[in-house]
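Commentary on secondary and tertiary structure
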Amino acid sequence: MGINQLKEIIMASSKPKVIRYKHHSNTYVAVMKKNKGKHRQSCLCYSCRLFHPKGPKTNCGLAQLLFSICCIYDIVTPVWECPNFIADKNKCISD
Ligand code: SF4
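Analysis parameters
Each chain has its residues counted from 1, running along the sequence as written. The predicted nature of this model means local features are confined to residues of pLDDT at least 70 and side-chain atom pairs, given and counted, to a pLDDT of 80 or more, with totals for whole chains, interfaces and linings taken over all residues. A helix here means a DSSP run of H or I that spans at least four residues, while a strand means a run of E at least two residues long, and both kinds are numbered starting from the N terminus. By definition here, a helix of n residues has an expected span of 1.5 Å times n minus one. To sort residues by exposure, count the other C-beta atoms lying within 10 Å of each residue's C-beta; 20 or more gives buried, 12 or fewer gives exposed, and values between give partly exposed, all with C-beta atoms placed from the backbone. The criterion for a residue being near a molecule or strand is a backbone-placed C-beta atom within 6 Å of that molecule or strand. Any residue outside Ala, Val, Leu, Ile, Met, Phe, Trp, Tyr, Cys, Pro, Asp, Glu, Lys and Arg is labelled polar, Gly included; the first ten of those are nonpolar and the last four are charged. Two strands qualify as a pair provided DSSP detects at least 2 bridges between them. It is the C-beta atoms, placed from the backbone, that decide contacts: two residues are in contact if theirs lie within 7 Å. The term nonpolar core refers to a set of buried Ala, Val, Leu, Ile, Met, Phe, Trp, Tyr and Cys residues connected through C-beta atoms within 7 Å.

Turning our eyes to something else, we now look at helix α1 (residues 3–14). Counted at 1.5 Å a residue, the expected span for α1 with its 12 residues is 16 Å, and the 17 Å between its end C-alpha atoms agrees. The buried fraction of α1 amounts to zero of the 12 residues, a small share that puts the element mostly on the outside.

Here it is as structure tokens:
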């Protein structure tokens, strides 16, 4: 095996694998395979005191807006960074 073949193998293995599956609205969506089903693990909202997903009137306005975008466009947007986050001590450890 030559050095160029080795480089090609290394480059190919570092590319993310993207798959498609049927979203809950019956639309096919693309997702990086390693991230499928991991939205809750990555999203700050699930550790935030302001997050009330079952109560649109009491839910954080930004979280509610993101949920609306998800429903309209079938886009899943976990929140990784947020200036308004307030730790829910029952759900996370925070500084
Ligand atoms: S304040 Fe930020 S982290 Fe908390 S629910 Fe709203 S968007 Fe999510």
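Residues in close proximity to the ligand include Leu 44, Cys 45, Cys 48, Leu 50, Phe 51, Cys 60, Leu 62, Ala 63, Val 79, Cys 82, Asn 84 and Phe 85, which together make up its full environment. Residues that form the shell around the ligand fall into these classes: 11 nonpolar, one polar and no charged.

What follows covers the pairing of strand β2 (residues 28–32). For β2, the buried fraction is low: zero of the five residues fall into the buried class. Where strand β1 (residues 18–22) and β2 come together, five bridges link them in antiparallel fashion. Paired with Lys 22 across the bridge in β2 is Tyr 28. Once β1 ends, the chain turns through five residues before running back antiparallel as β2, passing Asn 26 with a positive phi of about 80°.

A word on the environment of Cys 43. With respect to the secondary-structure elements, Cys 43 resides in the loop between α2 (39–42) and α3 (61–73). When the C-alpha atoms of Cys 43 and Pro 78 are compared, they prove to be 4.5 Å apart, with 35 residues separating the residues in sequence. Not counting chain neighbours up to four residues away, the residues in contact with Cys 43 comprise Pro 78 and Val 79.

One non-glycine residue with positive phi stands out, namely Asn 26, at about 80°. Mapped onto the fold, Asn 26 is located in the loop between β1 and β2. Accessibility expressed as a C-beta count within 10 Å gives 7 for Asn 26, which makes it exposed.

Once that is clear, we can look at the nonpolar core. By size, the foremost hydrophobic cluster in this structure holds five residues: Cys 45, Cys 48, Phe 51, Cys 60 and Ala 63. Excluding its chain neighbours within four sequence positions, the residues that come into contact with Cys 48 are Phe 85, Ile 86 and Asp 88.

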